[in-house]
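Structural description and commentary
Each chain, written out:
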Amino acid sequence: MKQWEVVIGIETHAQLLTQSKIFSGSSTAFGAQPNTQANAVDIALPGVLPVLNRQAVECAIRFGLAVDGQVAPKSVFARKNYFYPDLPKGYQISQFELPVVVGGKVTIQLGEGDNLTEKTIQLTRAHLEEDAGKSLHEDFNGKTGIDLNRAGTPLLEIVTEPDMRSSAEAVAYAKALHALVRWIGICDGNMQEGSFRCDANVSVRPVGQKEFGTRREIKNLNSFRFMQQAIDYEVQWQIAHIEDGGRVEQATVLFDPDSGETRAMRSKEDAHDYRYFPDPDLLPLVIDRDWVERTRAAMPELPVAKRDRFVADYQLSAYDAAALTASLDVADYYEAAIAVCGKAASKSCANWVTVDLAARLNREDREIGDSPVSAAQLGGLLARIADHTISNNIAKKVFESLWNGEGASADEIIEKQGLKQITDSGAIESLIDAVLAANPAMVAEFKAGKEKAFNALVGQVMKATKGKANPQQVNELLRSKLG
């Protein structure tokens, strides 16, 4: 049976974090009433002229630097001609032959734990363009309404090489890119609001064949789960279609989440269908080295660099470092906590941030920036675990109290609730003697070789101390007593 290889390239539209549109002063705020944020430029009244938004260019430069691409010293805006009701001018201002960013790369991670691997996805380009309006098909008695609020919203379209070979790789790339544009502050990444939309170009070819198969483009994937489902279905459809004697035709397709299927929308256009030509109303965009270097100086430490530093400075695993650098907010929170509890607690801190804190945030649908437990408070809690003031079990109670606002610090809660760990050997020995005297059957079972009996005796001692005894001391002293 013939073996098939999947080939995927992704085009992403990232809405840039500017307060006004790319060629006009209209607001880009989401959620306004239809057509209340579209001025004369946006609706293409005769005689209006576009004026480029400097902040949008700044965002493009930041992206170029973040992916190690070439920020073009000169790029050109072009008119992409097509006719659709939500495109007021009859063309979209975009970039074609000379984009603002050329090349670049994004590193993705696949697998988990010891099976974590990396792959580099090469970028072809990133270019600036304006968004179109939106067609609304509901509540109009069978008619379609046009909302031009989005017309002119600044976008950065990011195009990869066809480097991905599975839906898992495509999703990993989309997640890495999503995290990166948020990290460098150029896009809020809100997929529900359309701020981050992906198109996947999918084709298949026999294993060993160099030539690419015919691609079909899945448009407007606005969730990572839908992206994986859409690509997997499309791959299966293309393989089945070819094996049944059919030929894949280049097309634009849509994914239906309800049916889990893709369906053809129109035949796929090529560049010549859009009759690109330089926009005569806009001068070439010239970006000098000083502007690039000023932008570089203002950039945050990038995710890959921070991940490598976390491994080197805090002796974390690659998996833990990747989890902590999934977003800038999480990475900053972790380092702020470490500043309080010290590097000796770096692994414990990683576990608390990525497991305990993350689980509680997810349960309450909160971002880490809204955490009721601050980084300083968590760091203070971890410091008390490290110096054996409290055990890990007691720490969970203290964390709960911090979360509920029952104290300003771990120290205050430990003092107020009397949670300090019992470390006095004499006191623990007395409790062990009492437990052994009260449980002769368990002692006999242990001496008969049943290790479970030992664990049960430890549990009885911990119960007697309401969990406040040092577990390690309890284990050592109990084994000593039992010979």
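Let us look at the structure shown here.

Cut-offs applied
- Residues numbered from 1 in each chain as written.
- Predicted model: local features only at pLDDT ≥ 70, side-chain atom pairs only at ≥ 80, totals over all residues.
- Heavy atoms only, no water.
- 1 Å grid on protein atoms, 1.4 Å probe; cavity = no way out; pocket = protein on both sides within 12 Å on 5 of 7 lines; lining within 4 Å.
- Points joined across faces, edges and corners; volume = space filled by probe spheres on them.
- Nonpolar A, V, L, I, M, F, W, Y, C, P; charged D, E, K, R; others polar.
- Pairing = 2+ DSSP bridges.
- Helix = DSSP H or I, 4+ residues; strand = E, 2+ residues; numbered from the N terminus.
- Expected span 1.5 Å × (residues − 1).
- Buried < 20%, exposed > 50% of the residue type's maximum accessible area, 1.4 Å probe, protein only.
- Arc of directions from axis to C-beta.
- Contact = heavy atoms within 4.5 Å.
- Phe/Tyr/Trp six-rings, centres within 6.5 Å; stacked < 30°, edge-to-face > 60°.

Enumeration over the complete set of coordinates arrives at one cavity of 30 Å³ or more. In this model, the largest cavity occupies a volume close to 50 Å³. Around the largest cavity, the lining residues are D42, L87, P88, K89, Y91, Q92, E130, D131, A132, A151 and G152. A breakdown of the residues in the lining of the largest cavity according to their chemical character gives five nonpolar, two polar and four charged.

With that settled, consider the sheet that holds strand β4 (residues 77-81). Note: strands within a sheet are paired through backbone hydrogen bonds, in either parallel or antiparallel orientation. Spatial strand order, β5-β4-β16: three strands in an open sheet with antiparallel pairing. Looking at strand neighbours, the two that pair on one side only are β5 (91-95) and β16 (277-278), the edges of this open sheet. Of the strand pairs in this sheet, β4 and β16 are connected by two bridges, and their pairing is antiparallel. Residue A78 lies in a different strand from β16, and its bridge partner there is P278.

This next bit is on helix α5 (residues 303-314). The end-to-end C-alpha distance of α5 is 16 Å, a good match for the 16 Å that twelve residues give at a rise of 1.5 Å each. For α5, the full list of buried residues reads P303, K306, R307, F310 and Y314. The arc that holds every buried residue of α5, seen down its axis, measures 105°, which confines them to one face. Those residues of α5 that are buried are in contact with β7 (105-110), β8 (117-130), α2 (167-183), α6 (318-324), α7 (328-341) and α8 (346-363). Phi for Q315, located one or two positions after α5, is positive at around 55°.

Let's shift gears to the layout of surface pockets. Space inside the second largest pocket adds up to approximately 1,800 Å³. Elements with a minimum of two residues in the lining of the second largest pocket: β7, α2, α5, α6, α7 and α8. Broken down by element, the lining of the second largest pocket gets its largest block of residues, ten residues, from α2. Considering only residue class, the lining of the second largest pocket consists of 27 nonpolar, eight polar and ten charged.

Another aspect to go through is the packing of aromatic side chains. All told, the structure shown has ten aromatic pairs when counted by the stated rule. Ring centres 5.4 Å apart and planes at 65° place the aromatic pair F310 and Y314 in the edge-to-face group. Separated by four residues within a single helix, F310 and Y314 lie in helix α5, roughly one turn from each other. The pair formed by F310 and Y314 is uniform in burial state, with each residue classed as buried. Centroid distance F310 to Y334: 5.4 Å. Interplanar angle 50°. Geometry classified as tilted. Separated by 24 residues along the polypeptide, F310 in helix α5 and Y334 in helix α7 bring together distant segments of the chain. Relative accessible area serves as the criterion here: at 0%, Y334 is assigned to the buried category.

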